[in-house]
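An overview of the molecular structure
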Amino acid sequence: MKAYWIHTDDNVRLRVAHWPIEKSSKGTVFLFQGRTENIEKYGRTVEYLHDFGYTAFAVDWRGQGLSDRLTEDRLMGHVLRFSDYQKDVAATIEAAKSLHLPQPWYLIGHSLGACVGLRAIAEGFPVAACAFTAPLWDINLPRLQRLGAWPLSWAFQAFGKGDTYAPGTRGESYVLTTDFKDNRLTYDPDMYEYYANISESLPEQVIGGPSMGWLFQALRETRSLSKMQSPDTPCITFCGAEDEIVAISAIQDRMTRWPGGKLELIPGARHDVLYETPKVREHVLSQICELFSASTEEKNRGASSNSSRDALV
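Now for a description of the structure that goes with this document. (Residues numbered from 1 in each chain as written. Predicted model: local features only at pLDDT ≥ 70, side-chain atom pairs only at ≥ 80, totals over all residues. Heavy atoms only, no water.)

1. A closer look at the packing of aromatic side chains
Rules: Any two of the Phe, Tyr and Trp rings considered here, Trp counted by its six-membered ring, make a pair once their centres fall within 6.5 Å; the pair's planes then place it as stacked at under 30 degrees, edge-to-face at over 60, or tilted in between. A ring is considered to have a charge above it if a Lys NZ or an Arg CZ atom is located within 6 Å of its centre and within 35 degrees of its normal.
Overall, the coordinates contain 18 aromatic pairs when judged by the stated rule. Within the aromatic cluster, the residues linked to one another by ring pairs are Phe30, Phe32, Phe57, Trp61, Phe82, Tyr85, Trp105, Phe125 and Trp214. Positioned above the aromatic ring of Tyr195 is the side chain of Lys41, whose terminal nitrogen or guanidinium carbon lies 5.2 Å from the ring centre. The side chain of Arg270 reaches across the aromatic face of Tyr187, ending 3.8 Å from its centre.

In structure tokens:
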């Protein structure tokens, strides 16, 4: 892995990482991480992508990993506006261009990364195909909590208290303070321990609960995305049938409106299907790589057909 510092146009310092491969690459897969995550968490996913012939590129979003934190409390997950994540995307794209990363480009977005990724693709992020896991296209909140979350989070942000922890959260790492038997991420104890070991060995990268400001911005962004037309980009989405973190209904609604898009609900899986049991991980990643390969072959056939028609004119 090769890591680099880059800067956004509002002067936030981000860390990006590139995993090149020695053999000829089929293209580059951008990894858009979830909230609380870091680049290192995707090491095993990258190994799989390498086996399939893909280079990988990842970014630590502002406020997490080794990128600049936005509050004095380093453990607070905070962002001023969700649109700021698109500044991170823009800087990441420029870095990828300067590094001459192999094309075509693809995207895997998990949870928050899928929320950011959907907006980015709609606004022109040039990927040949995309895959989302447990996309945060709405937060899974009971009706009464949702009714309270909107005015409460708005008030905290409006009165300058946006950098206050959301109710029920605190400045502690989830995987370091939650026993495996109580976790909502995975049914695989080995992967959960692997994630905990990463967090324990990299304490400077750990973050805890979201701020009230982050919550309000997330609610606004997911509502805005729900009204947006789906991009005309090949897409496959996976969600654990037992996911308690994101709203599955919002995912189903989006994918029914995605031209040619495919959604798979995975029985016996929780939120992080890339950290689930080996059978689930293998299935998800193989399906993703098949989509990426098929989308490129389809594009090449189209280009070849156009060239043949041009030759006959």
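After that view of the structure, there is still more to cover.
2. Side note on the pattern of salt bridges
As a working rule, side chains carrying opposite charge can pair if their charged atoms are close by. Definition in use: Definition used for salt bridges: Asp or Glu carboxyl oxygen within 4 Å of a side-chain nitrogen of Lys or Arg. Counting from the N terminus, the helices are DSSP H or I runs at least four residues long and the strands are E runs at least two residues long. Summary of the burial criterion: residues with accessible area below 20% of their type's maximum are buried, those above 50% are exposed, and those between are partly exposed, where the area comes from a 1.4 Å probe applied to protein chains only.
Going through the model one piece at a time under the given rule, you end up with 18 salt bridges. Here Arg62 makes a salt bridge to Asp10, at a shortest N to O gap of 2.9 Å. Within this pair, whereas Arg62 is found in the loop between strand 4 (55-59) and helix 2 (83-98), its partner Asp10 is found in the loop between strand 1 (2-7) and strand 2 (13-19), the two being separated by 52 residues in sequence. Residues Arg15 and Asp60 are paired through a salt bridge, measuring 2.8 Å at the closest nitrogen-oxygen approach. Here Arg15, found in strand 2, pairs with Asp60, found in the loop between strand 4 and helix 2; they are 45 residues apart in sequence, far enough to count as distant. Note on Asp60: relative accessible area 0%, which makes it buried. Among the charged side chains, a network of salt bridges with common partners joins Asp10, Arg62, Arg81, Asp84, Lys87 and Asp88.

3. What to know about the nonpolar core
Filter applied, for reference: The set of buried Ala, Val, Leu, Ile, Met, Phe, Trp, Tyr and Cys residues whose side-chain atoms join them within 4.5 Å is what this entry labels a nonpolar core. Any two residues having at least one pair of non-hydrogen atoms within 4.5 Å are treated as being in contact.
In this structure, Leu107, Phe125, Phe132 and Trp137 are the most contacted members of the largest nonpolar core, which totals 53 residues. Per-element tally for this core: the top contributor is helix 3 (residues 112-122), with 7 residues. If near-sequence neighbours (up to four positions away) are discounted, Trp137 is found in contact with Ala114, Cys115, Leu118, Phe132, Thr222, Leu225, Thr237, Ala250, Ile251, Arg254 and Met255. Counting residues in hydrophobic clusters, the runner-up holds 30 residues, among them Val46, Tyr54, Ile108 and Phe238.

4. Here's the deal with the packing of helix 2 against helix 3
Put simply, the rule is: Axis definition: a line fitted to C-alpha atoms, over the contacting stretch in the case of helices. Angles run 0 to 180 degrees between N-to-C directions. The cut-offs work like this: below 35 degrees is roughly parallel, past 145 is roughly antiparallel, 65 to 115 is roughly perpendicular, and the gaps in between are oblique. In this count, Pro and Cys sit with the nonpolar residues alongside Ala, Val, Leu, Ile, Met, Phe, Trp and Tyr, while Asp, Glu, Lys and Arg are called charged and the others, Gly among them, polar.
Where helix 2 meets helix 3, the closest approach of the two axes is 10 Å, and the angle between their N-to-C directions is 75 degrees. Between helix 2 and helix 3, the interaxial angle falls into the category roughly perpendicular. Every residue of helix 3 that contacts helix 2 at Tyr85, Gln86 and Val89 is listed here: Leu112, Val116, Arg119 and Ala120. Looking at side-chain class alone, the contact of helix 2 with helix 3 contains 5 nonpolar, 1 polar and 1 charged residues.

5. Regarding the environment of Val206
For Val206, the location among the structural elements is in the loop between helix 6 (189-201) and helix 7 (212-226). Judged by relative accessible area, which is 11%, Val206 ranks as buried. For the pair Val206 and Thr36, spaced 170 residues apart in sequence, the C-alpha to C-alpha distance is 6.9 Å. Not counting chain neighbours up to four residues away, the residues in contact with Val206 comprise Arg69, Arg74, Leu75, Ser173 and Ser199.

6. Details of the pairing of strand 5 (residues 105-110)
Stated precisely, the cut-off is as follows: When DSSP finds two or more bridges between two strands, those strands count as paired. A clockwise path from the first strand over the helix to the second, with the strands pointing away from the viewer, defines a right-handed crossover.
Where burial is concerned, most of strand 5 is hidden: 6 out of the 6 residues are buried. The two faces of strand 5 match: Trp105, Leu107 and Gly109 on one face and Tyr106, Ile108 and His110 on the other face are all buried. Of the pairings in the sheet, the one linking strand 3 (residues 28-32) to strand 5 comprises 5 bridges and is parallel in character. Directly across from Leu31, in strand 5, lies its bridge partner Ile108. The pairing of strand 5 with strand 6 (residues 129-133) spans 5 bridges and is classified as parallel. Each bridged residue has a counterpart across the sheet, and for Gly109 the counterpart in strand 6 is Phe132. One crossover worth recording links strand 5 to the parallel strand 6 by way of helix 3, and it is right-handed.

7. Some thoughts on the sheet that holds strand 3
Strand order in the open sheet made by the 8 strands is 1-2-4-3-5-6-7-8, with mixed pairing throughout. On the outer flanks of this sheet lie strand 1 and strand 8 (262-266), each paired with one strand and no other. Taking the axes of each pair of neighbouring strands and ignoring which way they run, one obtains an average angle of 20 degrees across the sheet.

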